[in-house]
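Here's the letter readout for the chains.
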Amino acid sequence: MTNTTIIRARGGGQSRRKRALALIVILALIVAGVFCFRGAGRWLVRQDALAPADAIFVLSGGLPYRAEEAAIIFRAGYAKEIWLSRPYAPVEELTRLGVSFTGEEEYSREVLIREGVPDSAIRILPDTVVDTEQEIEEASREMRREGKSQVIIVTSPQHTRRVRALWRVLIGKQNRAIVRAATEDPFDPGYWWRNTRDALSVVREYLGLLNAWAGLPIRPHAT
C-alpha cells in the first residue's frame, strides 16, 4: 500500500468519525429540544408552600378558579381577609352605549361568598389596574399602608413563576408574597400545546418573564 493510499484511508476514517459525531450532536440537540418543549409548561408552575398571612390577594382573570382557590385557603384559616383587584374595563364606553356592565371583581366577590367567605372579609382594592405589574404594586402599597408583611397571592398555575419574578423585581424583600396556583384551573402543563388557550398562555408567560428579567422595559398600557 502506498503512502497516498494510507493517507486517503486515514482521511476517510476521520471524515466518517466527524459525520458520526455531527449526527450524535444533532440527535442530542433534537432530544434536548423535545424535552424542553414538553417541559415548557411544567417549568412555569412554581408555587410556594402555604403559611399564615395577613391577607389573600386574588389576581384578576381566571374566573372562577382563582376565587375558588382563595376561598379554600381562607376556610383553612391561613388569612382573615381576601383582597380583589379592580381590572380595567371600558365602563364609560359601555355606559354611553346604554350597556350595563358588572366588573370582574364583583363576580369574584359572588364566587367567594357562595364558597363560604363572609362579605365582611372581602375587600376590593380601589385602584384600576391593567396588568399583573400594577396589581402587585397596588398590593404592596396596601400592605405598607396597613402595616402588613405577608400576603398570599392566588393566580393560575402557568402564571405563578412570573408573579414571583415580578414581586422580586418590583417589591424585593420589603414584604413577602406566597404565590399559590388555582388547583381547579384547566391549564395542562404536560400537554400545553394541545389547545390554543394553553399554548397562548405559555407564550405570553415566557414573553412576560423576559420582560421581568430585563428590568421591565415594556410598561403597562395606558387606560
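K.L.:
Would you mind going over the packing of aromatic side chains with me for this structure?
P.N.:
Working definition: an aromatic ring pair is given by the centre-to-centre distance plus the angle between the planes. Enumeration according to the criterion identifies six aromatic pairs in this entry. Ring geometry for Phe37 and Trp192: centres 4.8 Å apart, planes at 50 degrees, overall tilted. Pair noted here: Phe37 is in helix H1 (residues 3-44) and Trp192 is in the loop between strand E5 (176-181) and helix H7 (196-213), with a separation of 155 residues, a long-range link. By relative accessible area, Phe37 is classed as partly exposed at 43%. For Trp192, a relative accessible area of 9% corresponds to the buried category. Considering the side-chain rings of Trp43 and Trp213, the 6.2 Å spacing of their centres and the 70 degrees angle between planes classify their relative orientation as edge-to-face. One end of the pair, Trp43, is in helix H1; the other, Trp213, is in helix H7, with 170 residues separating them in the sequence. A relative accessible area of 35% places Trp43 in the partly exposed class. Judged by relative accessible area, which is 52%, Trp213 ranks as exposed.

K.L.:
Help me understand the nonpolar core in this model?
P.N.:
For soluble globular proteins, the rule of thumb is that nonpolar side chains tend to be buried together. By size, the foremost hydrophobic cluster in this structure holds 25 residues, and its most contacted members are Phe57, Trp83, Ile136, Val151, Ile153, Val163 and Trp167. Put simply, the parts of the chain that give this core at least two residues each are H1, strand E1 (55-58), helix H5 (132-146), strand E4 (150-155), helix H6 (160-170), E5 and H7. Looking at this core element by element, the count peaks at four residues for H6. For Trp83, the contacting residues outside a window of four places in its chain are Ala55, Ile56, Phe57, Val58, Arg123, Leu125, Ala139, Glu142, Met143, Glu146 and Lys148. Within the second largest apolar cluster, 21 residues are counted, among which are Ala79, Ile82, Val117 and Ala121.

K.L.:
What should I look at first to understand the pairing of E4 in this one?
P.N.:
The element E4 is extensively covered by neighbouring structure, given that six of its six residues are classed as buried. With burial as the criterion, each face of E4 is covered, one bearing Gln150, Ile152 and Val154 and the other bearing Val151, Ile153 and Thr155. Sheet topology places E1 next to E4; four bridges connect them, and they run parallel. Across the sheet, the residue bridging to Phe57 is Ile153, located in E4. Of the strand pairs in this sheet, E4 and E5 are connected by six bridges, and their pairing is parallel. Bridge assignment links Ile153 to a residue of E5, and that residue is Val179.

K.L.:
I'm lost on the pattern of salt bridges in this one. Help?
P.N.:
Here the idea is simple: oppositely charged side chains can pair when their charged atoms come close. Under the counting rule described, the total for this entry stands at 16 salt bridges. Residue Glu115 is joined to Arg75 by a salt bridge in which the shortest nitrogen-to-oxygen separation is 3.8 Å. Highlighted residues: Glu115 in the loop between helix H4 (104-114) and strand E3 (122-129) and Arg75 in helix H2 (residues 65-75), separated in sequence by 40 residues. Exposure remark for Arg75: the relative accessible area of 46% places this residue in the partly exposed category. Here Arg219 and Glu137 are joined by a salt bridge, their closest N and O atoms 4.0 Å apart. Separated by 82 residues along the polypeptide, Arg219 in the segment after H7 and Glu137 in helix H5 bring together distant segments of the chain. Arg219 sits in the partly exposed class, given a relative accessible area of 45%. On the accessibility criterion, Glu137 (26% relative accessible area) is partly exposed. Each member of the salt-bridge network shares a partner with another, and the members are Glu81, Arg123, Glu142, Arg145, Glu146 and Lys148.

Rules behind the numbers
- Residues numbered from 1 in each chain as written.
- Predicted model: local features only at pLDDT ≥ 70, side-chain atom pairs only at ≥ 80, totals over all residues.
- Heavy atoms only, no water.
- Phe/Tyr/Trp six-rings, centres within 6.5 Å; stacked < 30°, edge-to-face > 60°.
- Helix = DSSP H or I, 4+ residues; strand = E, 2+ residues; numbered from the N terminus.
- Buried < 20%, exposed > 50% of the residue type's maximum accessible area, 1.4 Å probe, protein only.
- Core = buried A, V, L, I, M, F, W, Y, C linked by side-chain atoms within 4.5 Å.
- Contact = heavy atoms within 4.5 Å.
- Pairing = 2+ DSSP bridges.
- Salt bridge = Lys/Arg side-chain N within 4 Å of Asp/Glu carboxyl O.

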